[in-house]
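Topology and contacts: notes
Now for the letters of each chain:
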Amino acid sequence: MSETPLIGDLGETPSAPLSGARIGVVTFPGTLDDRDAARAVKLAGGTPVALWHADSELGDVDAVVLPGGFSYGDYLRAGAIARFAPLMAKIVDAANSDAKLPVLGICNGFQILTEAHLLPGSMVKNDHLKFICRDQTLRVENNRTAWTNQFEEGQEITVVLKNQDGQYVADEKTLDELEGEGRVAFRYVGWNPNGSRRGIAGITNAAGNVVGLMPHPEHAVEPGFAPLGADGHYSTDGLGFFASVLSQLVEAK
Amino acid sequence: MPRIVVDVMPKPEILDPQGKAIVGALPRLGFTAFSGVRQGKRFELTVEGPVTDQILEQAREAAATMLSNPVIEDVVNVEVLDETAAAAAEDVAAPTEAE
């Protein structure tokens, strides 16, 4: 559980006072985006901490990111085997505890959160059956979560979308509940890229500490390696996710 | 060694994209009789000794908690594989392959 060293020295981050916050990034066998997530945490001013799926203790972290990839090759179902990793039991307990550990699941991480029952619904194959990779605009529907409080409600952000099993499904009752309680956190704008029910790109739990979404905010944090935003400039909108959790953690201290 | 078979199918109301792709491709090969395909999963759980009621119950529990996701899938069958029937089926299949 050491701090993740990053490729290239980022030096002092602009929000150095926040760097005390420790954000765990979990690696499962087959995880791909753990380094990108760690880099995003660092760029936002936090301290990324590498966590291993087989660890039995969560350690001294203030929040956790479940990054994207293909945990266990997505065999059985996307996220289904990762859900039973020893560290997941600790994360589920901490997320449901009074301390309400902030947890962000991105893509495969979102699939793991649904399989672990921290979030409702499930993901199935994209309706067009193709792996998809594109710049995707999202509308922030809920800015009262641990991971979205630095956005405006209704704000449109651009991040990268890349997935194969990205179609969000749930029964009508669950979907109505999510809508009624304001728990749809993000919706696709312009085009529904995978047939998700009601254009849902991301959701939150009732307490607002657990958020899952299919698109990848950690790939939109540096101008040189980012999607084109709606304003024609390279988007670093993804930083808002990590700035949000750091802001909440600082306020809580 | 005895085996327990678990069959899991996507729920009827869930769009099955894989089944949809298959049913779209079948007519291209001349198979025009089929108007729908649903693709499920079959698991075979091997047991070292005899299959007791307790072991069968474990298989049902594994099917409900891990092998299927109740949001999108139904467990449609959990049963002990009849080895004699299975062997007979293989015997029947063998000459066909040789033709």
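All of the points below concern the structure found in this document.

Calculation rules
- Residues numbered from 1 in each chain as written.
- Chains lettered and ligands numbered in written order.
- Predicted model: local features only at pLDDT ≥ 70, side-chain atom pairs only at ≥ 80, totals over all residues.
- Heavy atoms only, no water.
- Contact = heavy atoms within 4.5 Å.
- Buried area = accessible area lost by both parts, 1.4 Å probe.
- Salt bridge = Lys/Arg side-chain N within 4 Å of Asp/Glu carboxyl O.
- Polar contact = N/O pair within 3.5 Å; in protein donor to acceptor, adjacent residues only side chain to side chain.
- Helix = DSSP H or I, 4+ residues; strand = E, 2+ residues; numbered from the N terminus.
- Nonpolar A, V, L, I, M, F, W, Y, C, P; charged D, E, K, R; others polar.
- Buried < 20%, exposed > 50% of the residue type's maximum accessible area, 1.4 Å probe, protein only.

**Description of the interface of chain A and chain B**
Counting residues at the interface gives 17 residues for chain A, matched by 15 residues for chain B. Across the interface of chain A and chain B, roughly 1300 Å² is buried in total on both sides, 68% from carbon and sulfur atoms. For Arg77 of chain A, the salt bridge goes to Glu73 of chain B, with nearest N and O atoms at 3.6 Å. At the boundary of chain A with chain B, the tally comes to 5 residue pairs in polar contact (both at pLDDT 80 or more). Of all the secondary structure elements, the ones that give two or more residues to the side of chain A that touches chain B are β5 (122-124) and β8 (167-169) of chain A. A total of 3 residues in the side of chain A that touches chain B trace back to one element, the largest contributor, which is β5 of chain A. Broken down by class, the residue content of the side of chain A that touches chain B amounts to 7 nonpolar, 4 polar and 6 charged.

**Quick word on the pattern of salt bridges**
Across all of its chains, the model carries 20 salt bridges over all chains by this definition. Between Arg198 of chain A and Glu172 of chain A there is a salt bridge, with the nearest N and O atoms lying 2.7 Å from each other. Taken as a pair, Arg198 of chain A in the loop between β9 (184-188) and β10 (200-204) and Glu172 of chain A in helix α4 (residues 172-180) lie far apart in primary sequence, 26 residues in all. Ionic pairing is found between Glu73 of chain B and Lys41 of chain B, a salt bridge with its closest N-O pair at 3.2 Å. Residue Glu73 of chain B is located in strand β3 (residues 73-80), and its partner Lys41 of chain B is located in strand β2 (residues 41-46); the two are separated by 32 residues in the primary sequence. With relative accessibility at 30%, the residue Lys41 of chain B sits in the partly exposed group.

So yeah, pure geometry; function would need other evidence.
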